[in-house]
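Reading the structure
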Amino acid sequence: MRFVLFDEARLGCLEGDEVVDVSSLLPDSAWDRRDGPLAEVIESGAVETIRAALGMNALPRLPRSKVRLSAPLPRPGKVVGAPVNYEDHQHEMNEALTVAHLGVFLKAPTAVIGPGETVELPYLDKRVDQEGELGVVIGTRARDVCEADALSHVFGYTCVLDITVRSTEDRSTRKSFDTFAPIGAVVTTADEITDPNDLELRCWVNDELRQESSTKAMIYSVPRLIAYVSSVMTLEPGDVITTGTPAGVGTLQDGDRIRVEIGAVSTLEVGVSAANAVAYDARPGVHALLR
Ligand code: MN
């Protein structure tokens, strides 16, 4: 199944060029959740009810072109990031260390935006990069799981852009500005993805193909990453792990369009704006440094 959130607060399943509206199958409480109605489906296990209802073909259908998609998980409980999880990216960044040394970082859940929204560059004079990444959506609570069991805790997969400013700030700061975690457009359930470590990943900025790789090249595979993260923190339903980026990161500018495409998982496209950018030395609190 290919889940989307559309028209502000409707949950749908993409089937070909149509969106099947499955909203009527959800309890009222699903719409009050800050993490969105898909999190209710993940947590309650309602996915099998939805699968059965789709099979009966009695739900409303809309052409995909007539709906506006938004982030499928608008405020995940947490967004866990893998730094330096591809060797070619390690080399382009001249990094001595990889995920195996660095562990993981957190991105603020408030950084999430959806397809068609706009990444806002914070600083006029600091480089901001796109990082196209496979996102893993957790299905069931995972604490200290082994690699062999790790994939059984996955609900599905999506595209994530781990937007990053190259400043002196800490990694979690540099990756947590509002709009720095575009997610979507689709969450594809794990049963449709044979091997999350055999997916083609491509990322364009405007017409330039900047990143072209396979998730085969990850240093920590998806199961190893889940096992490791679950040894640090409990993973909960609806949490997102963004699995790192291959080589080809590069500077974003006002007016750019970023597009990520990952195998059968999803595509995701967002814009870029510098309309609210300020000088790095004009950020609040910097005076303590300069004193
Ligand atoms: Mn990244």
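All of these numbers come straight from a predicted model, not from anything done at the bench.

**Description of the pattern of salt bridges**
Counting across every chain of the model gives 27 salt bridges. The shortest N-O distance in the salt bridge between Arg10 and Asp21 comes to 2.9 Å. Here the residue Arg10 occupies a position in strand E2 (residues 10-15), and Asp21 occupies one in strand E3 (residues 18-21), the gap between them amounting to eleven residues. A cluster of three or more residues bridged by salt bridges with shared partners is formed by Lys107, Arg127, Asp129, Glu131, Asp162, Arg166 and Lys175.

**Notes on unusual backbone geometry**
Here Gly184 and Ala185 are connected by a cis peptide whose omega angle stands at -10°. Looking at the element boundaries, Ala185 is found in strand E14 (residues 181-189). Its identity as a non-glycine residue notwithstanding, Glu8 has a phi of 75°, on the positive side. Assignment of secondary structure puts Glu8 in the loop between strand E1 (2-6) and E2. Non-glycine residue Asp144 carries a positive phi angle of around 55°. Topologically, Asp144 is positioned in the loop between strand E11 (132-138) and helix H5 (147-150). Since its relative accessible area comes to 52%, Asp144 is described here as exposed.

**Quick word on the coordination of the manganese ion**
The coordination sphere of the manganese ion, as far as protein atoms go, consists of Glu131 (OE), Glu133 (OE) and Asp162 (OD), spread over 2.0 to 2.1 Å. Sequence spacing of the donor residues for the manganese ion, all on one chain, is E-x1-E-x28-D. The pair formed by Glu131 and Glu133 is uniform in burial state, with each residue classed as buried.

**A few points about helix H7 (residues 222-232)**
Within H7, burial applies to Val222, Pro223, Leu225, Ile226, Ala227, Val229 and Ser230. Turning to H7, the residues buried within the fold contact strand E6 (79-81), helix H4 (99-102), E11, H5, strand E12 (154-161) and strand E17 (240-242).

**A few points about the layout of surface pockets**
Its volume calculated, the largest pocket comes out at about 230 Å³. Lining the largest pocket are 15 residues, and of these Leu5, Glu8, Ser70, Ala71 and Pro74 lie nearest its centre. Taken together, the residues of the lining of the largest pocket sort by class into eight nonpolar, three polar and four charged.

Cut-offs and rules
- Residues numbered from 1 in each chain as written.
- Predicted model: local features only at pLDDT ≥ 70, side-chain atom pairs only at ≥ 80, totals over all residues.
- Heavy atoms only, no water.
- Salt bridge = Lys/Arg side-chain N within 4 Å of Asp/Glu carboxyl O.
- Helix = DSSP H or I, 4+ residues; strand = E, 2+ residues; numbered from the N terminus.
- Buried < 20%, exposed > 50% of the residue type's maximum accessible area, 1.4 Å probe, protein only.
- Donors = N, O, S within 2.8 Å, 3.2 Å for Na, K, Ca; no water.
- Contact = heavy atoms within 4.5 Å.
- 1 Å grid on protein atoms, 1.4 Å probe; cavity = no way out; pocket = protein on both sides within 12 Å on 5 of 7 lines; lining within 4 Å.
- Points joined across faces, edges and corners; volume = space filled by probe spheres on them.
- Nonpolar A, V, L, I, M, F, W, Y, C, P; charged D, E, K, R; others polar.

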